[in-house]
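# Notes for the structure review
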Amino acid sequence: MTTPDPLAAEGLDASILGAADRLREAFDGGETRPLEWRRNQLQQLKTMMSERGDELVRALQADFRKPELEAWTSDIAIVSQECDHALKHLARWTRPEKVRTPLQQSPGRSRIVRDPLGVVLIISPWNYPVQLLLSPLVGAIAAGNCAVLKPSELTPHTSAVLAHWLPRTLDPRCFQTVEGGVAETTALLEQRFDHIFYTGNGNVGRVVMEAAAKHLTPVTLELGGKSPCIVDRSANLDVAARRIAWGKFLNAGQTCVAPDYILVHPDREEELIEKIGAAVNDFYGDDPKQSADYARIVNSRHHRRLAGLLKESGDIVFGGELDEETCYLAPTLVRNVQADSPLMGEEIFGPILPVLTSPSIEDSIAFVSQRAKPLALYVFTENADVEAKVIAETTSGGVCVNAILWHITSPNLPFGGVGPSGTGAYHGRASFETFSHRKSVMTKPTRFDLKLLYPPYSRLKTKLIRRML
Ligand code: NAD
């Protein structure tokens, strides 16, 4: 992580330095309140996904050779799906929510009204650079906010396409895209926003939280961590191996919820490794370097980091080929990995899969519980008791049983971490709630005015009140 330099903000474009204030004028003018405006913006964003999809795919390929199908499914289509879901449910989400008024507070009418928060800042990383910028934006629009969008500088082609099309797609009075790195983000973080939604690593998450504290701005932090994958003795290994290989090597392992490491029963280790190897071969052929379906590491800094991790831990079963010039790292599986090795220290965030053995489900649970709470936890099992035990006795952002990644693709399931893997959640209704304030409203009738609580107090009034307890 680069240390933020407050002086770096000097010399930046005035449109960056005054971004929050400028958008606040539009927000205060009520531009974002009408549901029709929100619907229109969501519709426009959806149209941008289909009309500019090919351009975005080319940019994603130029940035790190993201395979075309992965670009469509994991970046572009997810944004479209979020727009559809919000459009379908917007009327219901924004309707005041009636709640019961308890007898002691009666008579009265109670409800919860969703207010937009105001001007929000969305900072996104490079690994799914379209989805991770625009999916939160869907929630921000649905809830009626203005937003400043900060794509990652590590995927410059995608950032440029987004910065070109977003102002031509969305109401420019209410949305601004700011390209750039630490200096630009630092300048934004100095401004007062009504919410900051940050996705990325935990070190920068701390920088964001510290900056937000100065203005008492609430934050959503979508972070990462080491997501374990427990393979129980009862698991269907044919399916488990294919699903693990797909979820791990998709985007060359640069997925926040990729299985970081496997914990498998010793009796099944050999067979699992063999089947994962076969699945990788089926997916990418004998030489994954030649496959159009396999992405590259985003830059040489991350490539060197991964090469360093690989050098220091375990025995490579397959993969391990590296080419720094083209940022290639083959799908790699490592066994005999020590729990205290560098590979098991930090989030791998690349195509290296360590396999560790664990003698029982209790040991696997203890292994996971002794470490930082992960963003995702996977368990492959055909035993319902094991499934229930793992869910009940571990904590993670989310759990997916007998599959990888699927739980984060449903707009009906909130997606977020817990503790070091994140704060808050989004997707579907959860995105709308993240960018809304739940305002409590009670209306009391005036035809009847209970004098019991008004001074002067008396022994009789106290007696009556005590009777109500
Ligand atoms: P990154 O380097 O692109 O950084 C993320 C954002 O922070 C960028 O917009 C960048 O400009 C900004 N930034 C970087 N340094 C900064 C600084 N010093 N001050 C202010 N802003 C700064 O992406 P990354 O952090 O490498 O992303 C990978 C990490 O993100 C992994 O840990 C991964 O698990 C996590 N992640 C989480 C999710 C999730 O949804 N929970 C999704 C994707 C990635």
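Scroll up a little and you will see the structure.
A quick note: this is a predicted structure, and the numbers were derived from the prediction, not measured.

Moving on: the packing of aromatic side chains. For the coordinates displayed, the defined rule picks out 11 aromatic pairs. Between Phe197 and Phe435, the aromatic rings sit 5.7 Å apart at their centres with planes inclined by 25°, giving stacked as the arrangement. You can see Phe197 sitting in strand S6 (residues 195–199) and its partner Phe435 sitting in the loop between helix H15 (429–434) and strand S18 (436–443), a full 238 residues away along the chain. Of the residues examined, Phe197 reaches a relative accessible area of 0% and is grouped as buried. Judged by relative accessible area, Phe435 falls into the buried class, the value being 0%. Taking the centre distance of 5.9 Å and the plane angle of 90° together, the rings of Phe283 and Tyr284 count as edge-to-face. A connected cluster of aromatic rings, assembled from ring pairs, spans Phe197, Phe415, Tyr426 and Phe435.

The next subject is a nonpolar patch on the surface. A contiguous nonpolar surface patch, about 390 Å² in accessible area, is contributed by Leu453, Tyr454, Ile465 and Met468. Examined against the element boundaries, Ile465 turns out to sit in helix H16 (residues 459–468).

The topology assignment puts Ala388 in helix H14 (residues 384–393). C-alpha separation for the pair Ala388 and Arg92, spaced 296 residues apart in sequence, amounts to 34 Å.

Reading across from one edge, S10-S13-S14-S9-S8-S15-S16 is the order of the 7 strands in this open sheet, with mixed pairing throughout. Looking at strand neighbours, the two that pair on one side only are strand S10 (315–318) and strand S16 (398–401), the edges of this open sheet. On average, each strand axis in the sheet is inclined to that of its neighbour by 25°, with strand direction left out of account. As paired strands, strand S8 (residues 228–231) and strand S9 (residues 261–264) are joined by 4 bridges and run parallel to one another. Bridge pairing in S9 links Val231 to Val264.

In the vicinity of the ligand lie 28 residues, with Ser152, Glu153, Asn201, Leu223 and Glu347 positioned nearest. Within the side chain of Ser152, a nitrogen or oxygen atom sits 2.6 Å from an oxygen atom of the ligand. A distance of 2.6 Å is found between a nitrogen atom of the ligand and a backbone nitrogen or oxygen belonging to Leu223. In isolation the ligand offers 850 Å² of accessible surface; the protein chains occlude 95% of this area. For the shell around the ligand, the elements supplying multiple residues, two or more each, are helix H8 (182–189), S6 and helix H9 (202–214). Of the residues that constitute the shell around the ligand, the class distribution is 15 nonpolar, 9 polar and 4 charged. Counting only domains with at least three residues in the shell around the ligand, you end up with domain 1 (6–223 + 421–441) and domain 2 (228–416).

Calculation rules
- Residues numbered from 1 in each chain as written.
- Predicted model: local features only at pLDDT ≥ 70, side-chain atom pairs only at ≥ 80, totals over all residues.
- Heavy atoms only, no water.
- Phe/Tyr/Trp six-rings, centres within 6.5 Å; stacked < 30°, edge-to-face > 60°.
- Helix = DSSP H or I, 4+ residues; strand = E, 2+ residues; numbered from the N terminus.
- Buried < 20%, exposed > 50% of the residue type's maximum accessible area, 1.4 Å probe, protein only.
- Patch = residues over 30% accessible without salt bridge, like charges linked within 9 Å, V, L, I, M, F, W, Y side chains within 5 Å.
- Areas by Shrake-Rupley, 256 points an atom, 1.4 Å probe, with all protein chains shown as cover.
- Salt bridge = Lys/Arg side-chain N within 4 Å of Asp/Glu carboxyl O.
- Pairing = 2+ DSSP bridges.
- Axes fitted to C-alpha atoms, helices over the stretch in contact; angles between N-to-C directions.
- Near = heavy atom within 4 Å.
- Polar contact = N/O pair within 3.5 Å; in protein donor to acceptor, adjacent residues only side chain to side chain.
- Nonpolar A, V, L, I, M, F, W, Y, C, P; charged D, E, K, R; others polar.
- Domains from an automatic or database assignment.

Purely spatial values, then, with no claim about function.
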